[in-house]
Amino acid sequence: MEDFILAFQSSAQKIQNLLKVSHTDYLSTTNSSGDNQLGIDVKADKIIEEELLSLNSVRGLCSEEKNEVIYKDYGSYFIAYDPLDGSSIISSNLSVGSIFGIYKEGFESKNIIAAAYVVYGPRLELVFANDVLSYFIYDGKSWKKQPPLKLNESGKINAPGGTQKNWSSKHKTLIDSFFQKGYRLRYSGGMVPDLHQILIKKGGLFSYPATSDAPNGKLRKLFEVFPFAFIYEKAGGGAIDGKNRLLELPINGIHDTSPCFFGSIEEINEVRRIYE
Ligand code: AHM
Ligand code: MG
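Residues numbered from 1 in each chain as written. Chains lettered and ligands numbered in written order. Predicted model: local features only at pLDDT ≥ 70, side-chain atom pairs only at ≥ 80, totals over all residues. Heavy atoms only, no water.

A.B. asks: Can you tell me about the sheet that holds strand β10 (residues 143-146), naming the residues and giving the values?
C.D. replies: Taking strand neighbours across the sheet as the criterion, the 8 strands line up as β4-β3-β5-β6-β7-β8-β9-β10 in an open arrangement whose pairing is mixed. Pairing within the sheet leaves two strands with one partner each, and these edge strands are β4 (70-71) and β10. The pairing of strand β3 (residues 58-63) with strand β5 (residues 77-85) spans 5 bridges and is parallel. Looking at the pairing, cysteine 62 lines up with alanine 80 of β5. Most of the contacts of helix α1 (residues 2-21) go to strand β8 (residues 124-129), to which it runs at about 155°, and overall it touches β3, β5, β6 (96-104), β7 (112-120), β8, β9 (133-138) and β10. Contacts between helix α5 (residues 191-200) and the sheet are confined to β5, β6, β7, β8 and β9, with β7 contributing the most and set at about 100° to the helix. (Pairing = 2+ DSSP bridges. Helix = DSSP H or I, 4+ residues; strand = E, 2+ residues; numbered from the N terminus. Contact = heavy atoms within 4.5 Å. Axes fitted to C-alpha atoms, helices over the stretch in contact; angles between N-to-C directions.)

A.B. asks: Residue-level account of the UniProt feature "binding site: Mg(2+) 1" (unreviewed entry) in the protein, with values.
C.D. replies: The UniProt record annotates "binding site: Mg(2+) 1" (unreviewed entry) at Glu64, Asp82 and Leu84. Across 21 residues, the annotated set stays spatially compact, with a maximum C-alpha separation of 8.9 Å. Within the secondary structure, glutamate 64 sits in the loop between β3 and β4. Inspection of the secondary structure assignment puts aspartate 82 in strand β5. Residues in contact with aspartate 82, not counting those within four places in the same chain, are Glu64, Gly97, Ser98, Ile99, Phe223 and Glu224. (UniProt positions renumbered as here; feature names shortened; annotations may be inferred.)

A.B. asks: Quick one: what's the story with the sheet that holds strand β13 (residues 204-208), residue by residue and with numbers?
C.D. replies: Here we have 5 strands laid out as an open sheet, ordered β12-β11-β13-β15-β14, and mixed in their pairing. Here the strands that pair on one side only, and so sit at the sheet edges, are β12 (184-185) and β14 (238-240). One ladder, built from 4 bridges, connects strand β11 (residues 157-160) with β13; its direction is parallel. Note that in β13 the partner of isoleucine 157 across the bridge is glycine 204. Contacting β11, β13 and β15 (260-263), α5 runs over the sheet at an angle of about 155° to β13. Contacts between helix α7 (residues 265-275) and the sheet are confined to β13, β14 and β15, with β15 contributing the most and set at about 150° to the helix.

As C-alpha cells, then:
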C-alpha cells in the first residue's frame, strides 16, 4: 500500500499548487451527476488519473468527473476517487479535498480494502486507512507522520447536510435532539473538512440524509460514502444509511448515491434508534 500513499501525496502537492493559482470559473460541461464542472475539477481529475495509471498494481479507475471506468489489462486494484470535493465552496476559499477508495476485484462495498482523503486547507494533510489509520501533514518539504486518529464514544459536533426545508420530520427530530443535548453546529459544505474536523475533535455526527428533492441522498457511494465509511469504522466510529451499515450496501451504477451518517458510536446508535 506504500505506493498508493506516495501517489496520493504526490498528486496532493500538485493539486495544492494548482489551487493556489487557479481560477474557479465554471466550464460549460456537467459531470455524470449533472453538476457543473469547474476547470480545476477537470485538471485535478487528470493529475490523479496520470499518477494512478502509472502504478502497476492499478487495474481500473473511475471518478466523479468520468462517465466510464478506465481499465488496464493488468494490476489487481480498482480505485474510485473524487478529485476535488467541495466545488461549490472553492470560490469562497474554504478548505476542499480529494477522496479515494481502493477496491479489490471490482467496485463493490464489500471489496473496499483501503481509503484515503486529502485536505487542502491552510495546511496540506492526508489520512490513509487500511488495517490502521495513518495521518500525515506536509511541512513544505516532506510528509510528517502524526499520532493516529481515534474517535471517542461520543463528541460534541453536529454537521447536518442538505436543505432543511427538504428534511423528513424524523430527520428534523434527530438533528434537534443533538442540539438540545448541547451539540454545536459545525458545517462548511465540504464533506472532507467537515468529516476531518469530527475526527480531529474525536467525535460527533455528520449527516447527509434522504431529502424530498434527493430521496437517495446526494453523496456518491463509490467516491465519497464508502471511503469515509471505511475510514470512520477504522477510527472506531460507525457509518450507516439510517438503518444499514454503509459498507454492506449494493451499487447499481458507478454514480449511485446514498443517504449517509458518519460519527462516533453513541451518535450512530442514536440515529439507528430514531430512524428505526
Ligand atoms: P461535490 O462533489 O459536487 O463537491 O458535492 C459534494 C459536497 C460535499 O462535500 C458536501 O458534504 C455536500 O456536497 C454539501 O452539499 P449541500 O450544499 O447540499 O449541503
Ligand atoms: Mg464530491
